[in-house]
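# Report on the structure
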Amino acid sequence: MPIQHLSHLTFIVKDLERMACFLCEGLGAVEIYDSQAQRFSLSHEKFFSLGSLWLAAMQGDPPTERSYQHVAFKVEEHELAGYQARLEALGVEIKPPRPRVKGEGQSLYFYDFDNHLFELHTGTLTQRLARYNKDTEPY
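These numbers come from a predicted model, not from an experiment.

So, about the pattern of salt bridges. Charged atoms that come close allow side chains of opposite charge to pair. All told, the structure shown has 7 salt bridges when counted by the stated rule. Ionic pairing is found between E17 and K46, a salt bridge with its closest N-O pair at 2.9 Å. With E17 in helix α1 (residues 16–27) and K46 in strand β3 (residues 45–50), this pair connects stretches of sequence that are 29 residues apart. Residue classification places K46 among the buried residues on the basis of a relative accessible area of 2%. Among the salt bridges present, the one from K46 reaches D34, with a minimum N-O distance of 3.2 Å. Remark: D34 occurs in strand β2 (residues 30–34) and K46 occurs in strand β3; sequence separation between them is 12 residues. A single salt-bridge network, built from bridges that share partners, covers E17, E31, D34 and K46.

The residue S35 is located in the loop between β2 and β3 in this model. A relative accessible area of 2% means that S35 is categorised as buried. Looking at S35, its side chain comes within polar contact range of the main-chain nitrogen of E45, at 2.9 Å.

Pairing is mixed in the open sheet, where 4 strands are placed in the order β5-β8-β7-β6. Edge positions in the sheet fall to β5 (70–74) and β6 (93–94), since each of these pairs with one other strand and no more. As judged from the 5 bridges shared by β5 and strand β8 (residues 117–121), these two strands associate in the parallel manner. Its bridge partner lying in β8, A72 is registered against E119. Sitting on the sheet, α1 is in contact with β5, β7 (107–111) and β8, with an inclination near 10 degrees to β8.

A few words on the packing of aromatic side chains. A complete count under the given rule lists 9 aromatic pairs for this structure. Taking 5.2 Å as the distance between ring centres and 40 degrees as the angle between the ring planes, the aromatic pair formed by F11 and F118 counts as tilted. Taken together, the positions of F11 in strand β1 (residues 8–13) and F118 in strand β8 put the pair 107 residues apart, joining distant regions of the chain. Taking relative accessible area as the criterion, F118 reaches 0% and is therefore assigned buried.

Of all 7 residues in strand β4 (residues 53–59), 5 are buried; the element is thus mostly enclosed. Looking at chain direction, β1 and β4 are connected through 6 bridges and run parallel. Note on β4: the bridge partner recorded for F11 is A57. Sheet topology note: the β3/β4 ladder contains 6 bridges and is antiparallel. Counted as the bridge partner of L50 is L53 from β4. Hairpin connection between β3 and β4: a loop of 2 residues separates the two successive antiparallel strands, and G51 in this loop has a positive phi of roughly 60 degrees.

Procedures and definitions
- Residues numbered from 1 in each chain as written.
- Predicted model: local features only at pLDDT ≥ 70, side-chain atom pairs only at ≥ 80, totals over all residues.
- Heavy atoms only, no water.
- Salt bridge = Lys/Arg side-chain N within 4 Å of Asp/Glu carboxyl O.
- Helix = DSSP H or I, 4+ residues; strand = E, 2+ residues; numbered from the N terminus.
- Buried < 20%, exposed > 50% of the residue type's maximum accessible area, 1.4 Å probe, protein only.
- Polar contact = N/O pair within 3.5 Å; in protein donor to acceptor, adjacent residues only side chain to side chain.
- Pairing = 2+ DSSP bridges.
- Contact = heavy atoms within 4.5 Å.
- Axes fitted to C-alpha atoms, helices over the stretch in contact; angles between N-to-C directions.
- Phe/Tyr/Trp six-rings, centres within 6.5 Å; stacked < 30°, edge-to-face > 60°.

Interpretation in functional terms is not warranted from these geometric data alone.
In structure tokens:
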């Protein structure tokens with residue numbers, strides 16, 4: 001039986017309230033559940049809806065080191081500046097952009113407060129593959 005679709009993403013964080021602020025105020029998610037004193041899983045957790053995605057944040061020890069491993073969300077190009085302003089207002093660290101191949105879309109990279117890297121990206125897989133298949137210089 002084939003995999004149907006992505007079920008959810010879980011992020012381990014030190015401070016659930018701070019992550020809730022990051023997801024809701026920074027990215028526009030909606031908090032839909034807080035386990036509070038109940039423990040159905042390993043620790044206190046909160047669930048969020050972001051577009052059609054279920055995101056979970058669980059209290060615990062987050063990654064100690066940063067890496068390029070990340071989650072990317074699709075946005076429209078005209079929305080990038082607004083997201084960047086909201087995230088900077090929360091004190092989120094925005095990474096400098098990486099070199100881009102013209103035509104593959106724009107990105108905004110940023111870390112949450114627990115070393116998770118996120119990307120807001122304006123392109124699609126189809127656009128990127130079409131661009132990569134062109135016989136031209138990459139930058």
